[in-house]
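# Fold and contact review
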Amino acid sequence: MQSADEARLLIYSQDGLGLGHQRRTTHVANEFLRAHPGASVLTVSDSPLGRFFASPGAHDYLKLPSLRRAGPGLWRPLSLASPFDDVLALRRDLIRVAAQRFRPDVLLVDHHMPNGLMGELLPALEAVRATPARVVLGLQDILDAPETVQRRWRLEGAFEAIERHYDDVLVFGSREVYDLAAEYDWPEAAARRLRYCGYVGAAPAPTSAAEIRRIYLREETGPLVLALGGGGADAYPLFDALLRSVPALLAGRRCTFVLITGPFLPKSERLRLLSRARDLPVHVLTRVDDATPYVGAADLVVAMAGYNTAVEILSQQTPAVLVPRSGPSAEQQVRARSFAERGWVHWLPPDQLTAQALAAAVAMILTGSVPTPTGTPDLGGREAVVERLRSGLGHVRQAAGALVEG
């Protein structure tokens, strides 16, 4: 029988044209491997970029055919010309076979639906349920507008899936910030399975904030303004407004700007940004391995309001202006408004995004005309989640060994 240090963790992570789930699950995988150096982690993911984030140790990825979100509960193949139902069936079979052949001790599902995208996870859940493995659902605290989530969960039998397949439901957030059970009208039986773990962020980065400032400020004086677009697929309006605001901001003070566009910003839009930034104190980067030290180095962050970006900002307590995407999900708007109400960030609703409004918000923060961020929520989610995943691991390994011997 293998020891707990040789445990196998299988992660299901579905992103579409984004990187949020893969970023978070990479943090969890790295922490799990730190706690169990002899363990193995396999992540089943559909990111078009495959394995994007560095992960030391025995962590590998199984790439599913990619899909793109066309609306709430509506998906289309990203690259394949095959009908959606055929692509979904292929994904379903790949996930099931991975679960059967990898034989995990723990399955972590990081997705907003417990039965996976359009129910594709159900055959794998049935296969894992026939083993001693623990099955854990991980949910970020804010999924979408309450009415949207309640409708989709009822339609797709989400609560029935939790009752049938899951041992634990972990919330990557704080109940004091957003009460998932109350907002999404969870039945009492399902709500009893919830464990709020705190926000999941990165481990300390090897690159320091001081190094980032030396690279980009050099002999310059004045503040460093960082702009983040998450994956970048819909980030152009934010970068466009910021570049249009640069002349007005430079009229009041010397500034240096770093834009990290994200790998999914369309090439034509990236080239447009590079052309416009040529004669300005603006550096345009497509991607970095870890944005956290950049956030720590900045005097101000202008960013979209994705989960990981927001957590990185809170972890560094850097003043920030969040500009959430307008849709198709309300998740980012709910997050930006909630964090702003607590004084952790400032925010600009997407329908108010103009160069003038953004310049005014940035200038007010840089001149100290608004209060600095005070306090943060629980940011210990990475460690807390892994502790829950490890719970009962020895018992799982013992039961697996008994099945083999029997």
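Our structure's up above, just so we're on the same page.
The paragraphs below set out a description of the structure included in this document. Just so you know, these numbers come straight off a predicted model, no measurement behind them.

## Description of unusual backbone geometry
In this model, glycine 327 is joined to proline 328 through a cis peptide bond whose omega is 5°. Within the fold, proline 328 resides in the loop between strand E14 (320-322) and helix H13 (331-341). Look at methionine 118: it is not a glycine, yet its phi comes out positive at around 55°. We classify methionine 118 as partly exposed; its relative accessible area is 33%. Even without being glycine, glutamine 317 reaches a positive phi, approximately 55°. Its location among the elements puts glutamine 317 in the loop between helix H12 (307-316) and E14.

## Brief notes about the pattern of salt bridges
Tallied over the entire structure, the rule returns 24 salt bridges. Between arginine 164 and glutamate 126 there is a salt bridge; the shortest N-O distance is 3.0 Å. With arginine 164 in helix H5 (residues 158-165) and glutamate 126 in helix H3 (residues 122-129), this pair connects stretches of sequence that are 38 residues apart. One salt bridge in this structure joins arginine 244 and aspartate 240, with 3.1 Å as the shortest N-O distance. With arginine 244 and aspartate 240 both in helix H9 (residues 236-252), this residue pair falls four residues apart, about one helical turn. Here arginine 244 falls in the exposed class, since its relative accessible area comes to 54%. Residue aspartate 240 is classed as buried on the basis of its relative accessible area of 15%.

## Regarding the nonpolar core
Of all hydrophobic cores here, the largest spans 51 residues; its most connected members are Phe32, Leu226, Val301 and Leu389. Broken down by element, the residue count for this core peaks at five residues, all from H12. Non-local contacts of phenylalanine 32, meaning those with residues more than four positions away in its chain, are made with Ala7, Leu9, Ala39, Val41, Val386, Leu389, Arg390 and Leu393.

## With respect to the packing of H12 against H13
Their axes nearest at 10 Å, the elements H12 and H13 cross at an angle of 20°. In terms of axis orientation, H12 runs roughly parallel to H13. Crossing of H12 over H13 shows right-handed handedness. Listed contacts from H13 to Tyr307, Ala310 and Leu314 of H12 are Glu331, Arg335 and Phe339. Looking at the contact of H12 with H13, its residues break down into four nonpolar, no polar and two charged.

## Regarding the sheet that holds strand E9 (residues 194-196)
Two strands in a sheet stick together by hydrogen bonds in their backbones, pointing the same way (parallel) or opposite ways (antiparallel). Spatially, the seven strands line up as an open sheet ordered E3-E2-E1-E6-E7-E8-E9, and their pairing is parallel. Of all the strands in the sheet, the pair left with one neighbour each is strand E3 (59-63) and E9. Averaged over all adjacent pairs, the angle separating strand axes in this sheet is 20°, with direction ignored. Here five bridges tie strand E1 (residues 8-13) to strand E6 (residues 106-110), and the two strands are oriented parallel to one another. Opposite serine 13, over in E6, you have aspartate 110 as the bridge partner.

## Notes on the pairing of strand E13 (residues 300-303)
Put simply, side chains in a regular strand alternate between the two faces of the sheet. Of the two faces of E13, the one holding Leu300 and Val302 and the one holding Val301 and Ala303 are both buried throughout. Alignment of strand E10 (residues 224-228) against E13, held across four bridges, turns out to be parallel. Bridged to valine 225 within E13 is leucine 300. In the sheet, E13 pairs with E14 via three bridges, with the strands oriented parallel. In the sheet register, valine 301 faces E14, and the bridge partner there is alanine 320. The parallel pair E13 and E14, bridged by H12, forms a crossover whose chirality is right-handed.

About the criteria used
- Residues numbered from 1 in each chain as written.
- Predicted model: local features only at pLDDT ≥ 70, side-chain atom pairs only at ≥ 80, totals over all residues.
- Heavy atoms only, no water.
- Helix = DSSP H or I, 4+ residues; strand = E, 2+ residues; numbered from the N terminus.
- Buried < 20%, exposed > 50% of the residue type's maximum accessible area, 1.4 Å probe, protein only.
- Salt bridge = Lys/Arg side-chain N within 4 Å of Asp/Glu carboxyl O.
- Core = buried A, V, L, I, M, F, W, Y, C linked by side-chain atoms within 4.5 Å.
- Contact = heavy atoms within 4.5 Å.
- Axes fitted to C-alpha atoms, helices over the stretch in contact; angles between N-to-C directions.
- Parallel < 35°, antiparallel > 145°, perpendicular 65-115°, else oblique.
- Left-handed = near helix turned anticlockwise from the far one by under 90°.
- Nonpolar A, V, L, I, M, F, W, Y, C, P; charged D, E, K, R; others polar.
- Pairing = 2+ DSSP bridges.
- Right-handed = clockwise from strand over helix to strand, strands pointing away.

Honestly, it's all geometry; don't read function into it.
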